[in-house]
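One letter stands for each residue in the lines below.
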Amino acid sequence: MTPRAMTDDRISKEGKTLLTVSGKVGLGAFPLLVQDRIVGVLAVFYDQLHDFSDQEISVLAAFAQFIGISLEN
């Protein structure tokens, strides 16, 4: 997760281009895991800088896990 997607070196050039086009600056990416395999990614975007709280991270991570298991089933 990053509140500053445009200056975060972990975000690829292509990803920054996509975020620029869509006008988003905050980003959270949560892997959809099934038995230690990543089957997708839950991406959360914000129009403004956004600091993810511990509670928000916890809820989104749990939601991502639920989605991953649901996709597998």
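See the structure shown above.
Residues numbered from 1 in each chain as written. Predicted model: local features only at pLDDT ≥ 70, side-chain atom pairs only at ≥ 80, totals over all residues. Heavy atoms only, no water.

Visitor: So, the overall build of the protein chain: which residues are in play, and what are the values?
Guide: Looking only at helices and strands, one finds two helices and two strands in the protein chain. Element order for the protein chain, N to C, with α for helix and β for strand: α-β-β-α. The buried share among the 73 residues of the protein chain stands at 27%. Pairs at least 24 residues apart make up 39% of the contacts formed inside the protein chain by residues separated by at least 6 positions. Just so you have it, the protein chain exposes about 5200 Å², and 57% of that area is on carbon and sulfur atoms. (Helix = DSSP H or I, 4+ residues; strand = E, 2+ residues; numbered from the N terminus. Buried < 20%, exposed > 50% of the residue type's maximum accessible area, 1.4 Å probe, protein only. Contact = heavy atoms within 4.5 Å. Areas by Shrake-Rupley, 256 points an atom, 1.4 Å probe, with all protein chains shown as cover.)

Visitor: Please give an account of the nonpolar core that cites residues and values.
Guide: In terms of nonpolar packing, the biggest core is built from seven residues, these being F30, L32, L42, V44, F52, L60 and A64. When residues of this core are traced back to their parent elements, those giving at least two are β1 (26–34), β2 (37–46) and α2 (54–72). (Core = buried A, V, L, I, M, F, W, Y, C linked by side-chain atoms within 4.5 Å.)

Visitor: Break down the pattern of salt bridges for me, citing the residues and quoting the values.
Guide: One pass over the full model with this rule turns up one salt bridge. Residues R37 and E72 are paired through a salt bridge, measuring 2.9 Å at the closest nitrogen-oxygen approach. Placement of the pair is R37 in strand β2 and E72 in helix α2, with a sequence separation of 35 residues. Classification of E72 as partly exposed rests on a relative accessible area of 42%. (Salt bridge = Lys/Arg side-chain N within 4 Å of Asp/Glu carboxyl O.)

These figures capture arrangement, not role.
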